[in-house]
Amino acid sequence: MNFELNEELAMVRDMARDFATAELDPRAQRHDEQGHIDEEVFGLISELGLWGLTIPEEYGGAGMGNLALSLVLEELNRADASVGVTLSVHNSLLGAPIMKFATDEQKQRWLPQLASGEAIGCYCLTEPNAGSDAAALQTRAVRDGDDWILSGTKIWVTNGGLASLGIVYARTDPDASNANGISAFLVPLDAEGISLGAPEKKTGIRASSTVEIQFDDVRVQGDALLGEENRGFQIAMDTLDGGRIGIASQAVGIGRACLEASVKYAGEREQFNQPIGRFQAIQWKIADMATRLDAARLLTWRAATLRDEGARCSLQAAQAKLSASTACNYAADECLQIHGGAGYTDDFQVERLFRDARITEIYEGASDIQRIVIARSLMS
Ligand code: CAA
């Protein structure tokens with residue numbers, strides 16, 4: 001077992017770190033306030049080849065794996081979690097299932113656009129009555145000749161307002177049991193009958209796009225079907241195994257920002273005639289933050305490595321996400337406590353980190369769902 005990153009991975013991580021420091025740190029607070037990411041950032045991500053980081057070279061991507069993606073996501077999220085989740089969803093929730101389940105024709109059509117950033121992707125699973133119980137979804141897809149007609153409502157669609165391609169999960173066999181009558185479709189989001197709701201006003205990751213998408217008799221061609229008919233739920237779940245590694249990486253990144261801010265402030269802020277970092281109470285908080293985040297990072301790297309080897313990693317991805325999101329929220333809470341009243345204002349970035357951290361325990365499967373996945377894996 002080797003915990004050292006090879007030269008290529010270290011190079012990608014360093015490149016992402018430099019980009020985050022130079023381009024995201026100065027913008028993150030403004031992104032949060034204005035509620036969207038500067039247009040220029042999308043172009044910079046294209047120049048670095050990050051939209052296509054995990055897409056094979058033959059389709060214009062960098063051909064790297066989940067471990068590389070995790071390293072990049074930790075760096076970007078350390079600076080700006082809104083940018084981080086945008087890239088995570090694009091790579092792990094849209095690029096990945098196309099690479100794994102699409103026909104050659106579908107790959108030729110979509111992967112080059114996704115790799116260049118010309119098309120941004122989103123993942124349309126959740127519905128008003130199907131959140132944690134994703135298999136209860138009600139969006140319908142009905143055959144009409146060679147075409148399919150889609151109708152239904154998807155909510156909490158990350159990237160929904162930016163994306164030109166969505167993977168949409170819809171019920172194709174209403175008589176089958178919940179999980180076995182669902183199919184996956186690749187839907188161009190400029191199709192007639194698609195309408196977007198207003199951007200959600202969120203507690204954190206405010207610059208990322210989150211919208212409702214309504215499908216009213218949307219006609220797509222037969223070749224929009226991804227993978228086998230009625231096996232879409234299995235695609236959704238397999239895809240989320242990868243997505244959860246992305247969110248675990250995001251949580252480690254936000255947590256690291258909290259740790260770094262805490263160390264800095266504890267060295268600067270003086271009370272009782274000395275820097276507060278000299279007090280054991282502060283030192284213990286910092287030690288616990290660092291230890292929990294390191295453990296979470298190792299779990300995340302393990303899950304990413306397993307996925308890169310082609311092994312099923314549902315258990316390990318769930319453990320990584322549970323551990324990382326818990327460590328992240330612990331770090332955010334203690335970071336704010338260390339900053340005291342100053343941390344409760346927007347004079348410091350701490351209050352943004354505190355708000356951004358919270359979502360990591362909710363999306364791509366709440367912590368309660370991760371515990372279900374973990375327990376089922378151990379007990380089945
Ligand atoms: N890989 C492949 N197949 C899988 C799988 C996986 N990881 N997990 C389950 N399956 C398969 C099962 O084998 C089964 O298939 P068969 O019938 O062929 O055996 C089928 O899927 C049904 O499995 P379950 O019986 O376990 O399904 P369930 O209804 O009990 O649900 C659940 C399980 C874990 C609770 C699931 O519903 C779940 O993960 N819920 C959370 C939903 C979620 O994470 N939503 C995130 C939305 S996207 C988002 O948040 C993105 C964003 O904004 C950033």
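## Concerning the overall build of the chain
Piece 1. Regarding its fold elements, the chain presents eleven helices and ten strands.
Piece 2. Relative to the globule expectation of 21 Å for 380 residues, the C-alpha radius of gyration of the chain, 21 Å, shows essentially globular dimensions.
Piece 3. Based on the C-alpha atoms only, the size of the chain along its principal axes is roughly 80 × 45 × 40 Å.
Piece 4. Put simply, the chain has 380 residues, and 57% of those count as buried.
Piece 5. Considering only contacts within the chain whose residues lie at least 6 apart along the sequence, 74% involve residues at least 24 apart.
Piece 6. For the chain, the accessible surface area stands at approximately 16700 Å², while carbon and sulfur atoms represent 49% of it.
Piece 7. For the chain, the separation between the mean place of its 34 positive charges and that of its 55 negative charges on side chains is 6 Å.

## Things to note about the site of the ligand
Piece 1. The environment of the ligand is formed by 28 residues, the closest being S132, T158, D241, R244 and E364.
Piece 2. Contact distances for the ligand include 2.9 Å between a nitrogen atom and a side-chain N or O atom of D241.
Piece 3. Contact distances for the ligand include 2.8 Å between an oxygen atom and a side-chain N or O atom of R244.
Piece 4. Isolated, the ligand exposes 1100 Å² of accessible area, and the fraction of that covered by the protein chains is 75%.

## A look at a negative patch on the surface
Piece 1. Together, E58, D104, E105 and D223 line one region of the surface with negative charge.
Piece 2. With respect to the helices and strands, the residue D104 is situated in helix α6 (residues 104-116).
Piece 3. Judged by relative accessible area, which is 51%, D104 ranks as exposed.

## Remarks on the pattern of salt bridges
Piece 1. Counted under the stated rule, the structure contains 24 salt bridges.
Piece 2. Here R355 ties to D32 by a salt bridge, and the two come within 2.8 Å at their closest N and O atoms. In this pair, R355 is assigned in helix α10 (residues 350-358) and D32 in helix α2 (residues 28-34), connecting sequence segments 323 residues apart. There is no split in this pair, since R355 and D32 are both buried.
Piece 3. Of the charged contacts, one joins D294 and R297 as a salt bridge, the two residues approaching to 2.7 Å between their closest N and O atoms.

## So, the domain arrangement of the chain
Piece 1. Structurally, the chain comprises domain 1 (7-119), domain 2 (122-230) and domain 3 (234-379).
Piece 2. Across the contact, 24 residues belong to domain 1 and 32 residues belong to domain 3.
Piece 3. With both chains or domains summed, domain 1 and domain 3 bury close to 2300 Å², and 51% of this area falls on carbon and sulfur atoms.
Piece 4. Interface area lost by domain 1 to domain 3 is led by N66, E74 and R78, which between them contribute 26%.
Piece 5. Put simply, domain 1 and domain 3 have five salt bridges between them.
Piece 6. Here domain 1 and domain 3 share eleven residue pairs in polar contact (both at pLDDT 80 or more) between them.
Piece 7. Only α2, α4 (66-79) and α5 (81-101) provide two or more residues apiece to the side of domain 1 that touches domain 3.

## A look at the environment of Y344
Piece 1. Topologically, Y344 is positioned in the loop between α9 (314-343) and α10.
Piece 2. The spacing of Y344 and D133 is 211 residues in sequence and 35 Å in space, taken between C-alpha atoms.

## A closer look at the environment of C335
Piece 1. Position of C335 among the secondary structure elements: in helix α9.
Piece 2. Put simply, C335 and E260 are 75 residues apart on the chain and 9.2 Å apart in space, counted from C-alpha to C-alpha.
Piece 3. Aside from chain neighbours lying at most four places away, what touches C335 is C258, A261, S262, M289 and V350.

## Quick word on the nonpolar core
Piece 1. Among the nonpolar cores identified, the biggest contains 100 residues, and L76, I98, L114 and Y169 are the most heavily contacted of them.
Piece 2. Ranked by residue count, the leading element in this core is helix α7 (residues 232-268), at 16 residues.
Piece 3. One finds A141, L150, L189 and I194 within the second-largest nonpolar core, a separate group that totals 21 residues.

## Examining the packing of α5 against α6
Piece 1. Interhelical geometry of α5 versus α6 gives an angle of 155 degrees and a closest axis separation of 10 Å. What the angle tells us is that α5 and α6 run roughly antiparallel. Read as a crossing pair, α5 and α6 show a hand that is left-handed. Each of H90, L94, G95, I98 and M99 in α5 lies in contact with α6, whose residues at this interface are K107, W110, L111 and L114.
Piece 2. Residue classes in the contact of α5 with α6 are distributed as six nonpolar, two polar and one charged.

## Remarks on unusual backbone geometry
Piece 1. With a phi angle near 70 degrees, N230 is a residue other than glycine that sits in the positive phi range.
Piece 2. Examined against the element boundaries, N230 turns out to sit in the loop between β8 (225-226) and α7.
Piece 3. The buried category is assigned to N230, whose relative accessible area is 18%.
Piece 4. The backbone phi angle of F272 is positive, close to 55 degrees, even though this residue is not glycine.
Piece 5. Within the secondary structure, F272 is located in the loop between β9 (270-271) and β10 (274-275).

Here is what the cut-offs are and how they apply
- Residues numbered from 1 in each chain as written.
- Predicted model: local features only at pLDDT ≥ 70, side-chain atom pairs only at ≥ 80, totals over all residues.
- Heavy atoms only, no water.
- Helix = DSSP H or I, 4+ residues; strand = E, 2+ residues; numbered from the N terminus.
- Rg over C-alpha atoms; globule rule 2.2 N^0.38 Å.
- Buried < 20%, exposed > 50% of the residue type's maximum accessible area, 1.4 Å probe, protein only.
- Contact = heavy atoms within 4.5 Å.
- Areas by Shrake-Rupley, 256 points an atom, 1.4 Å probe, with all protein chains shown as cover.
- Lys, Arg positive; Asp, Glu negative; His and termini not counted.
- Charge placed at Lys NZ, Arg CZ, Asp CG, Glu CD.
- Near = heavy atom within 4 Å.
- Polar contact = N/O pair within 3.5 Å; in protein donor to acceptor, adjacent residues only side chain to side chain.
- Patch = residues over 30% accessible without salt bridge, like charges linked within 9 Å, V, L, I, M, F, W, Y side chains within 5 Å.
- Salt bridge = Lys/Arg side-chain N within 4 Å of Asp/Glu carboxyl O.
- Domains from an automatic or database assignment.
- Buried area = accessible area lost by both parts, 1.4 Å probe.
- Core = buried A, V, L, I, M, F, W, Y, C linked by side-chain atoms within 4.5 Å.
- Axes fitted to C-alpha atoms, helices over the stretch in contact; angles between N-to-C directions.
- Parallel < 35°, antiparallel > 145°, perpendicular 65-115°, else oblique.
- Left-handed = near helix turned anticlockwise from the far one by under 90°.
- Nonpolar A, V, L, I, M, F, W, Y, C, P; charged D, E, K, R; others polar.

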